[in-house]
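Below are the chains, spelled out letter by letter.
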Amino acid sequence: EAAAGLTHNVQPLLHEIRHALARLLDDGGHTVIDLRSLPLAPGEEETIISALGQGEVHARLDALGRSDIVETTYSGVWLVTHYNDSEAVVGRFIEITELPAILKSQREDMSDALIELTQELETTDT
């Protein structure tokens, strides 16, 4: 059993993730857990990450520092890690969602892209 031998904080967190995944399936409710805000003992963050495993999807963003977005072994449960310029972890979140917000295109960016593509086509069509 994957939960065997887990520490005091790890097992309750995994239960919280399970409940959040059930809620996502039930009503579409998204949950974000800030691992850095939890009172974890040394090594527990790594134990949680190990217990969740790594699934098939891994994305890397380079915007205001690097961010890694990894779907865990459990579909709909994502590990999102943000780094500073020195490659130190500055934020780590578990997101229970269909797609983490950081991967979604923003309306303003899409609007700018539409203008840019339209202008590009106008100059090449003439």
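Just above sits the structure.
The structure reproduced in this document is the subject of the present report.

Criteria and thresholds
Residues numbered from 1 in each chain as written. Predicted model: local features only at pLDDT ≥ 70, side-chain atom pairs only at ≥ 80, totals over all residues. Heavy atoms only, no water. Helix = DSSP H or I, 4+ residues; strand = E, 2+ residues; numbered from the N terminus. Rg over C-alpha atoms; globule rule 2.2 N^0.38 Å. Buried < 20%, exposed > 50% of the residue type's maximum accessible area, 1.4 Å probe, protein only. Contact = heavy atoms within 4.5 Å. Areas by Shrake-Rupley, 256 points an atom, 1.4 Å probe, with all protein chains shown as cover. Lys, Arg positive; Asp, Glu negative; His and termini not counted. Charge placed at Lys NZ, Arg CZ, Asp CG, Glu CD. Axes fitted to C-alpha atoms, helices over the stretch in contact; angles between N-to-C directions. Parallel < 35°, antiparallel > 145°, perpendicular 65-115°, else oblique. Left-handed = near helix turned anticlockwise from the far one by under 90°. Nonpolar A, V, L, I, M, F, W, Y, C, P; charged D, E, K, R; others polar. Salt bridge = Lys/Arg side-chain N within 4 Å of Asp/Glu carboxyl O. Pairing = 2+ DSSP bridges.

### What about the overall build of the protein chain?
1) Next: Helix and strand counts for the protein chain stand at three helices and five strands.
2) Next: When the helices and strands of the protein chain are read in sequence order from the N terminus, they spell out α-β-α-β-β-β-β-α.
3) Next: For 126 residues, the compact-globule estimate of 2.2 N^0.38 gives 14 Å, and the C-alpha radius of gyration of the protein chain, at 19 Å, exceeds that figure by more than 25%.
4) Next: Counting only C-alpha atoms, the protein chain reaches 70 × 40 × 25 Å along its principal axes.
5) Next: The buried share among the 126 residues of the protein chain stands at 30%.
6) Next: Long-range contacts, defined here as pairs at least 24 residues apart, represent 38% of the contacts in the protein chain between residues at least 6 apart.
7) Next: In the form shown here, the protein chain has an accessible surface area of approximately 8400 Å², with 53% of it arising from carbon and sulfur atoms.
8) Next: Across the protein chain, the centroid of the 8 positively charged side chains sits 6 Å from that of the 23 negatively charged ones.

### What about the packing of helix 1 (residues 10-27) against helix 2 (residues 44-52)?
1) Next: At their nearest, the axes of helix 1 and helix 2 sit 10 Å apart, and the two run at 45 degrees to each other. Between helix 1 and helix 2, the angle falls in the class oblique. Helix-helix and strand crossings are classified by hand; for helix 1 and helix 2 the assignment is right-handed. When helix 1 is examined against helix 2, the residues Val10, Leu13, Leu14 and Ile17 are found in contact with a partner set consisting of Glu44, Thr47, Ile48, Ala51 and Leu52.
2) Next: Taken together, the residues that form the contact of helix 1 with helix 2 break down as seven nonpolar, one polar and one charged.

### Concerning the pattern of salt bridges
1) Next: Summed over the entire model, instances satisfying the criterion amount to five salt bridges.
2) Next: Two residues, Arg66 and Asp68, come together in a salt bridge whose shortest N-O distance is 2.4 Å.
3) Next: Under the relative-accessibility criterion, Asp68 is labelled buried at 8%.

### Observations concerning the pairing of strand 3 (residues 66-71)
1) Next: Most of strand 3 sits out of view: six of its six residues are buried.
2) Next: Here strand 3 shows a buried face lined by Arg66, Asp68 and Val70 and a second buried face lined by Ser67, Ile69 and Glu71.
3) Next: Counted between consecutive antiparallel strands, the loop separating strand 2 (residues 58-62) from strand 3 contains three residues, among which Leu64 sits at a positive phi close to 55 degrees.
4) Next: Taken together, the five bridges between strand 3 and strand 4 (residues 77-83) define a ladder with antiparallel strand orientation. Following the sheet pairing, Val70 is matched in strand 4 by Leu79.
5) Next: Taking the residues between adjacent antiparallel strands as the criterion, strand 3 and strand 4 are bridged by five residues, where Gly76 takes a positive phi near 95 degrees.

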